Amino acid sequence: MDQANRIVTLKGPEGNVFDLKVGDEVRNLPQVKAGDIVVAKYFEAVAIEVKKGGLGIRSAESQTAVSRARPGERPAGAVATTTTIVANVLKVDNGKQIVTVEGPNGKSVNVKVKDAGVLQQIKAGEQVEMTITEAVAIAVEAPRK
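Positions within a chain are numbered from 1, following the residues in the order the chain's sequence is written. A pLDDT threshold of at least 70 governs which residues receive local features in this predicted model, and a stricter bar of 80 or more applies before side-chain atom pairs are shown or counted, although totals over entire chains, interfaces and linings include all residues. To get the side-chain values, all heavy atoms of the structure are used, and hydrogens and water are removed first.

Turning to the overall build of the chain, a few remarks are in order. Along its length, the chain carries 1 helix and 8 strands. Put simply, the radius of gyration uses C-alpha atoms, and a globule should come to 2.2 Å times the residue count raised to 0.38. Its C-alpha atoms give the chain a radius of gyration of 21 Å, more than 25% over the compact-globule value 15 Å for 145 residues. Dimensions of the chain, computed from C-alpha atoms along their principal axes, come out at roughly 55 × 30 × 25 Å. Counted over contacts in the chain with a minimum sequence separation of 6, partners at least 24 positions apart contribute 64%. Averaging the coordinates of the 20 positive side-chain charges in the chain and doing the same for the 17 negative ones gives two points 3 Å apart. Numbering goes from the N terminus for both helices and strands, where a helix is a DSSP run of H or I of at least four residues and a strand is a run of E of at least two. Whether two residues are in contact is decided by their heavy atoms, any of which lying within 4.5 Å being enough. In this count, Lys and Arg are taken as positive residues and Asp and Glu as negative ones, while His and the chain termini are left out. Each charge is placed at NZ for Lys, CZ for Arg, CG for Asp and CD for Glu.

Here we take up a nonpolar patch on the surface. Together, Val 38, Tyr 42, Val 66, Val 79, Val 136 and Ile 138 make up a nonpolar patch on the protein surface, roughly 520 Å² of accessible area in all. Of all the elements in the fold, those that place two or more residues in the nonpolar patch are strand S3 (37–51) and strand S8 (127–141). If you trace the backbone, Val 38 turns up in strand S3. Buried, partly exposed and exposed residues are distinguished by accessible area as a fraction of the type maximum, computed with a 1.4 Å probe on protein chains only: under 20%, between the cut-offs, and over 50%, respectively. Residue classification places Val 38 among the partly exposed positions, given a relative accessible area of 39%. In this scheme, patches are assembled from residues that exceed 30% relative accessible area and form no salt bridge. Like charges are connected within 9 Å, while nonpolar side chains (Val, Leu, Ile, Met, Phe, Trp, Tyr) are connected within 5 Å. Areas reported as accessible are Shrake-Rupley estimates using a 1.4 Å probe. Residue values count occlusion only from the protein chains shown. A pairing counts as a salt bridge when a side-chain nitrogen of Lys or Arg comes within 4 Å of a carboxyl oxygen of Asp or Glu.

Along strand S1 (residues 7–11), the buried face is formed by Val 8 and Leu 10; none of Ile 7, Thr 9 and Lys 11, which line the opposite face, is buried. Bridge analysis of S1 against strand S2 (residues 17–21) gives 5 bridges, and the strand direction is antiparallel. Residue pairing for S2: Leu 10 is matched across the bridge by Phe 18. A loop of 5 residues connects S1 with S2, the two strands running antiparallel in sequence, and Gly 15 in this loop sits at a positive phi of about 90°. Pairing between two strands is assigned when DSSP locates at least 2 bridges connecting them.

Take Pro 75: it is sitting in the loop between strand S4 (59–68) and strand S5 (76–93). For the pair formed by Pro 75 and Tyr 42, sequence separation is 33 residues and the distance between their alpha carbons is 17 Å. Sequence-distant contacts of Pro 75, defined by excluding residues within four places in its chain, comprise Val 26, Arg 27, Asn 28, Leu 29, Gln 31, Val 32, Ala 69, Ala 139 and Val 140.

This part covers the environment of Ile 132. Checked against the element boundaries, Ile 132 lands in strand S8. Distance from Ile 132 to Ala 45, taken between C-alpha atoms, is 5.8 Å for residues 87 residues apart in sequence. Not counting the four nearest positions on each side in its chain, Ile 132 is found in contact with Ala 45, Val 46, Thr 81, Thr 82, Thr 83 and Ile 85.

On to the pairing of S4, then. Regular strands place side chains that alternate from one sheet face to the opposite one. Taking burial as the measure, the 10 residues of S4 include 0 buried ones, a minor fraction of the element. Where S4 meets S5, 10 bridges bridge the pair, whose relative direction is antiparallel. Bridge pairing in S5 links Ala 65 to Ala 80.

A word on the nonpolar core. Here the nonpolar core consists of buried residues drawn from Ala, Val, Leu, Ile, Met, Phe, Trp, Tyr and Cys, with membership extended through side-chain atoms lying within 4.5 Å. Grouped together as the largest cluster of nonpolar side chains are 14 residues, with contacts concentrated most on Val 89, Val 99, Val 101, Val 113, Ile 122, Val 128 and Met 130. Secondary-structure elements contributing two or more residues to this core are S5, strand S6 (98–102), helix H1 (116–121) and S8. Leu 10, Leu 29, Val 32 and Val 140 belong to the second-largest nonpolar core, a separate cluster that totals 6 residues.

Distances and angles like these do not, on their own, reveal function.
Structure follows, in structure tokens:
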């Protein structure tokens with residue numbers, strides 16, 4: 001721990017060691033001690049809705065929610081971002097359950113569609129509205145005894 005420069009040295013589960021510069025938005029950093037455990041959890045979900053009626057305007061819109069520990073609590077926080085994208089369907093690969101879409105920035109990406117019922121509804125030349133939710137939560141815990 002380098003409290004003065006707000007640098008935390010972390011050791012990953014496979015023994016890799018790296019430094020992490022912690023911004024001023026992280027409260028209660030002085031409570032973190034060598035040996036504490038940093039727990040990070042990541043979540044991602046994608047929902048797809050088929051937009052019938054041909055190609056229209058592609059768009060993207062995002063919303064972000066942030067929470068963090070109150071003063072005096074152990075450092076912790078979470079960030080969740082929900083992005084809604086209207087994209088053109090370029091190609092559907094039913095065998096691999098992959099849909100290739102072109103987003104508002106003109107880049108094409110492959111999206112894995114797990115729900116076979118939704119995949120059957122998607123055709124090249126249509127549009128889909130995808131809602132992508134990503135969240136990460138980080139907390140500092142005392143070492144296990």
